[in-house]
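# Survey of secondary and tertiary structure
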Amino acid sequence: QMFQSMVAPSVVEEILKLPSGIELGGEEKNLTVMFSDVRGFTTFSEKHKPHDVVEILNEYLTQMTYLVFQTEGTLDKYIGDAIMAFWGAPTVQQDHAYRACSTALGMVDLLHTVLHPKWELEGKEKLEIGVGLNTGPMVVGFVGSESMKSYTLIGDAVNLGSRLEGTTKEYHVEIIISETTYSEVKNDMLCRELDLIKVKGKNEPIRIYELVDHRLKGAGAKEMKVRAFEEGLALYRAQKWDGALKCFKNCLELDPKDGPSEIFSKRCNQLKQDPPPAPWDGVFVMKTK
């Protein structure tokens, strides 16, 4: 009964077939977690009537949850306007990273092609989202008090997934995935490396990637932009600012609204004026969560 509201009916059937049922205690598994968040929802809520806020949020959450269930993901919880979901548990899914990435791309596509046109016709304000994905070892199990428990994830890899969702604001992109997720899906998904960063609360730098599209769907202009950006990033790390600027300019010609190219163009111009001290590792330190 509990899992009926968290997973697709097909997953419930799989759970019932398990000879030992679900492990009631916590167990460590390699999983993929997703955090998605509506941009500027606090401001949106302040400008609209409570009834209208709840109505549009319910419509949005219904559509996005349906996509999670389509790929047999587990809905962990709603945190206001945010969604936390994961793949790989309670039933084993070897391709959990691919399923998570497919869901994230589906969410962005559905938002732009279905919900935005509908809301525009209804005279409603459009919602924008950011999505963060991470793959790694996580503890999954029933967590809570004696009177109430929920099937959820805990661990450092979970926290990183949440940080990556927040990082989408910094780079003006919709989906950011970690290096571990990228390594699982790089043959099937078109991604571009964005940066080497230190997220708040962690000392080790991590490599982050934008999830652009399914590799076959992304062929053409999207792939050209990815290649131009990667060339610019390599020149940026080699401190060849002028060469990097040309590459980022090429990206902006292909996509005038490309956030990462605008950001790195500004960084190159700043670093030309004020070169970094040697040795420079190119790591960008995040100031916010």
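The rules behind the values
- Residues numbered from 1 in each chain as written.
- Predicted model: local features only at pLDDT ≥ 70, side-chain atom pairs only at ≥ 80, totals over all residues.
- Heavy atoms only, no water.
- Helix = DSSP H or I, 4+ residues; strand = E, 2+ residues; numbered from the N terminus.
- Rg over C-alpha atoms; globule rule 2.2 N^0.38 Å.
- Buried < 20%, exposed > 50% of the residue type's maximum accessible area, 1.4 Å probe, protein only.
- Contact = heavy atoms within 4.5 Å.
- Areas by Shrake-Rupley, 256 points an atom, 1.4 Å probe, with all protein chains shown as cover.
- Lys, Arg positive; Asp, Glu negative; His and termini not counted.
- Charge placed at Lys NZ, Arg CZ, Asp CG, Glu CD.
- Salt bridge = Lys/Arg side-chain N within 4 Å of Asp/Glu carboxyl O.
- Pairing = 2+ DSSP bridges.
- Axes fitted to C-alpha atoms, helices over the stretch in contact; angles between N-to-C directions.
- Parallel < 35°, antiparallel > 145°, perpendicular 65-115°, else oblique.
- Left-handed = near helix turned anticlockwise from the far one by under 90°.
- Nonpolar A, V, L, I, M, F, W, Y, C, P; charged D, E, K, R; others polar.
- Core = buried A, V, L, I, M, F, W, Y, C linked by side-chain atoms within 4.5 Å.

Attention shifts here to the overall build of the protein. Helix and strand content of the protein: nine helices and nine strands. Expected size for 289 residues packed as a compact globule is a radius of gyration near 19 Å; at 20 Å, the protein falls within 12% of this value. The principal-axis extent of the C-alpha atoms belonging to the protein is close to 60 × 45 × 35 Å. Among the 289 residues that make up the protein, the fraction classed as buried is 48%. Partitioning the intrachain contacts of the protein with sequence separation of at least 6 by distance along the chain shows that 68% fall at a separation of at least 24. As displayed, the protein has an accessible area near 14,900 Å², and 53% of this comes from carbon and sulfur atoms. For the protein, the distance from the average position of its 34 positive side-chain charges to the average position of its 42 negative side-chain charges is 4 Å.

The next subject is the pattern of salt bridges. Scanning the model with the defined rule gives 24 salt bridges in all. A salt bridge links Asp242 to Lys272; the nearest nitrogen and oxygen atoms lie 2.8 Å apart. One end of the pair, Asp242, is in helix α8 (residues 241–254); the other, Lys272, is in helix α9 (residues 259–273), and 30 residues separate them in sequence. Beyond isolated ion pairs, a larger network of salt bridges with shared partners links Glu55, Glu59, Lys118, Glu122 and Lys124.

Quick look at the pairing of strand β2 (residues 74–79) now. When a strand is regular, its side chains alternate between the sheet's two faces. The pairing of β2 with strand β3 (residues 82–87) spans five bridges and is classified as antiparallel. Opposite Tyr78, over in β3, you have Ile83 as the bridge partner. From the end of β2 to the start of β3, which pair antiparallel, there are two residues, and Gly80 there has a positive phi angle of about 65°.

Here we come to unusual backbone geometry. Along the chain, Ala89 connects to Pro90 via a cis peptide bond; the corresponding omega equals 5°. Note that Pro90 resides in the loop between β3 and α4 (96–121). Following Ala278, the chain continues into Pro279 via a peptide bond in cis, with omega recorded as -10°. Looking at the secondary structure, you find Pro279 in the loop between α9 and β9 (284–285). The phi torsion at Glu72 lies on the positive side, around 60°, for a residue other than glycine. With respect to the secondary-structure elements, Glu72 resides in the loop between α3 (50–70) and β2. By relative accessible area, which is 28% here, Glu72 ends up partly exposed. At His172, a residue that is not glycine, the phi angle is positive and equals roughly 55°. Among the secondary structure elements, His172 is positioned in the loop between α5 (156–171) and β6 (175–178). The class for His172 is exposed, based on a relative accessible area of 51%.

Before going further, it helps to spend a moment on the packing of helix α7 (residues 221–237) against α9. Their axes nearest at 12 Å, the elements α7 and α9 cross at an angle of 20°. The orientation of α7 with respect to α9, classified from their angle, is roughly parallel. Taken as a pair, α7 and α9 cross one another with a handedness that is left-handed. Side by side, α7 and α9 meet where Phe229, Leu233 and Tyr236 of the first sit next to Pro260, Ser261, Phe264, Arg267, Cys268 and Leu271 of the second. Along the lines of polarity and charge, the residues of the contact of α7 with α9 split into seven nonpolar, one polar and one charged.

Looking at where Phe3 falls in the secondary structure, it is placed in the segment before α1 (9–17). The buried category is assigned to Phe3, whose relative accessible area is 10%. Along the primary structure Phe3 and Gln239 are separated by 236 residues, whereas in three dimensions their C-alpha atoms are 52 Å apart.

Met34, Tyr60, Met64, Leu133, Ile175, Ile177 and Leu211 are the most contacted members of the largest nonpolar core, which totals 38 residues. Sort the elements by how many residues they give to this core and α4 lands first, with 11 residues. Not counting chain neighbours up to four residues away, the residues in contact with Met64 comprise Ile83, Met107, Leu110, Leu111 and Leu115. If you look at the next biggest cluster of nonpolar residues, it comprises 23 residues, including Ile176, Val199, Leu233 and Leu271.

Everything listed here is a matter of coordinates, which is why it stays silent on function.
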